[in-house]
Number of protein chains: 2
Amino acid sequence: MNFSSKLIEDAVNAFASLPGIGKKTALRLVLHLAGQQPEVVEQFAETIANMRRNIRECERCHNLSDGRLCTICADNRRNQAIICVVEGIRDVMAIEDTGQYRGLYHVLGGVISPIEGIGPTELNVDSLIQRAQEEQVQEVIMAISPTIEGETTIFYISKKLRGLGVNISTIARGISFGGELEYADELTLGRSIVARVPYRGGEE
Amino acid sequence: MNFSSKLIEDAVNAFASLPGIGKKTALRLVLHLAGQQPEVVEQFAETIANMRRNIRECERCHNLSDGRLCTICADNRRNQAIICVVEGIRDVMAIEDTGQYRGLYHVLGGVISPIEGIGPTELNVDSLIQRAQEEQVQEVIMAISPTIEGETTIFYISKKLRGLGVNISTIARGISFGGELEYADELTLGRSIVARVPYRGGEE
């Protein structure tokens, strides 16, 4: 693309360095910003830079945080006895959005994957074990993706937690709400039959 | 969405204020930047802010420019006798990308649209007439979208240019290269037959 302006070209390349943003989209964004008031663009840039300057990892659960502890860990109305173990911060957001969980989290930062060279030491496993030892934890919920790597990770962590008097659970697997049976994969469908639950709809 | 971080939330809102960027995409971009080195993000923000701080409108053709004149106007190897009139800076880029044009441009900033309250005075028409009077212009090419507003704009400008000894042309309309006849709209197909050109392929 021929920008006939170094300023535009640099800004397009900056946006195009972001994941999923191509040159055309980047150009659209840059031309939009070029037409905005300078203060607006200054504010946009400062907001982004300020985010990176001040964002931290929560010292307790490794969630993204504005301070030493994230807002979830700092909220003492939440149930401190349950820890939900997730792969990443997006999972925290997804579970928070459901409004169904009022305990704490622990962000692993990934799953064990020998192929990608990610072992337990690359993940926040030790700090989870430490929390299970030091905090009054009654239950650890494994909210990890049901992949081979995920199952390996669950197995590894549950072995480490053994003997600490902590109940371990995993999130329920099965057919999605609104999901159609014929499009479900065999494994999910098979397991959902094996792990069937009593129907209570017809009870008095 | 529940971000549990004001810094992340502000940055997501900043990105989501851009056209075509929704909250989910904004979050993806922000989490990407949150994982980058601070210097990288600082540089990203500074590139964007610097663009807006220093970008100007070319005093001659109204193209975006880093200095008083844009690189196209400042390039004296280009044919100064031809001006290609376009609606916006994107059109300049599109025509430059073809590599088929070596004259100058004039960016109108839109087309005449009574419905949207855009009259000739809202557009860079006067400066075009002035250029036609003061510069050694031989031809003005109207590279304007073939809409009703576009045709109105071409008509208005051509009337204004009358008597200045300037040839006026419009870009060729017709079936796109690679376009299939049966999918062409009636108007384009009809006009392409009326405006047929002699075939020279079989000549010796």
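As the structure is a computational prediction, the values presented were derived from the model and not from experiment.

### Some thoughts on the relation of the copies chain B and chain A
Aligned on chain A, chain B shows an RMSD of 0.1 Å; the corresponding rotation is 180° and the shift along the axis is 0.0 Å. Within this description, the copies of the chain are treated as partners about a two-fold rotation axis. Relative to the rotation axis, the C-alpha of B:Ala45 is the closest in chain B, positioned 2.3 Å from it. Of all interface residues in chain B, 100% are interface residues in chain A too; the two copies therefore contact each other through one and the same surface.

### Let's talk about the interface of chain B and chain A
Contact residues are listed per partner, giving 51 residues for chain B and 51 residues for chain A. For the chain B and chain A pair, buried surface summed over both sides reaches about 4800 Å², with 70% attributable to carbon and sulfur atoms. Linking chain B to chain A there are two salt bridges. Residues B:Arg53 and A:Glu42 are paired through a salt bridge, measuring 2.6 Å at the closest nitrogen-oxygen approach. There are 14 residue pairs in polar contact (both at pLDDT 80 or more) connecting chain B and chain A. Listing elements by their share of the side of chain B that touches chain A, those giving two or more residues are α1 (6–16), α2 (23–34), α3 (38–54) and α4 (89–98) of chain B. Considering every element that reaches the side of chain B that touches chain A, the biggest residue donor is α3(B), with 13 residues.

### What about the domain arrangement of chain A?
Under the domain assignment, chain A is made up of domain 1 (6–54) and domain 2 (64–198). Here the C-alpha centre of domain 2 of chain A lies 36 Å away from the C-alpha centre of domain 1 of chain A.

### Let's talk about the sheet that holds strand β4 (residues 103–107) of chain B
Residues and elements named next belong to chain B. The sheet built from four strands is open, its strands ordered β4-β3-β5-β6 with parallel pairing. Of all strands in the sheet, those bounded by a partner on one side alone are β4 and β6 (167–170). Between one strand axis and the next, the sheet turns by 25° as a mean value, whatever way the strands run. Alignment of strand β3 (residues 79–86) against strand β5 (residues 139–142), held across four bridges, turns out to be parallel. Bridged to Cys 84 within β5 is Ile 141. Seen against the sheet, helix α5 (residues 126–134) touches β3 and β4 and runs at an angle of roughly 150° to β4. Helix-sheet contacts for helix α6 (residues 148–161) involve β3, β5 and β6, and the interaxial angle to β5 is about 170°.

### Some thoughts on the side chain of A:His62
Residues and elements named next belong to chain A. Relative to the helices and strands, His 62 is located in the loop between β1 (56–57) and β2 (64–65). Polar contacts involving the side chain of His 62 include one to the side chain of Glu 57, which spans 2.6 Å. A polar contact of 2.9 Å, which involves the side chain of His 62, links it to the side chain of Ser 127. Apart from the residues lying within four places of it in its own chain, the contact partners of His 62 are Glu 57, Ile 89, His 106, Val 107, Asn 124 and Ser 127.

Calculation criteria
- Residues numbered from 1 in each chain as written.
- Chains lettered and ligands numbered in written order.
- Predicted model: local features only at pLDDT ≥ 70, side-chain atom pairs only at ≥ 80, totals over all residues.
- Heavy atoms only, no water.
- Least-squares fit on C-alpha atoms with pLDDT ≥ 70 in both.
- Contact = heavy atoms within 4.5 Å.
- Buried area = accessible area lost by both parts, 1.4 Å probe.
- Salt bridge = Lys/Arg side-chain N within 4 Å of Asp/Glu carboxyl O.
- Polar contact = N/O pair within 3.5 Å; in protein donor to acceptor, adjacent residues only side chain to side chain.
- Helix = DSSP H or I, 4+ residues; strand = E, 2+ residues; numbered from the N terminus.
- Domains from an automatic or database assignment.
- Pairing = 2+ DSSP bridges.
- Axes fitted to C-alpha atoms, helices over the stretch in contact; angles between N-to-C directions.

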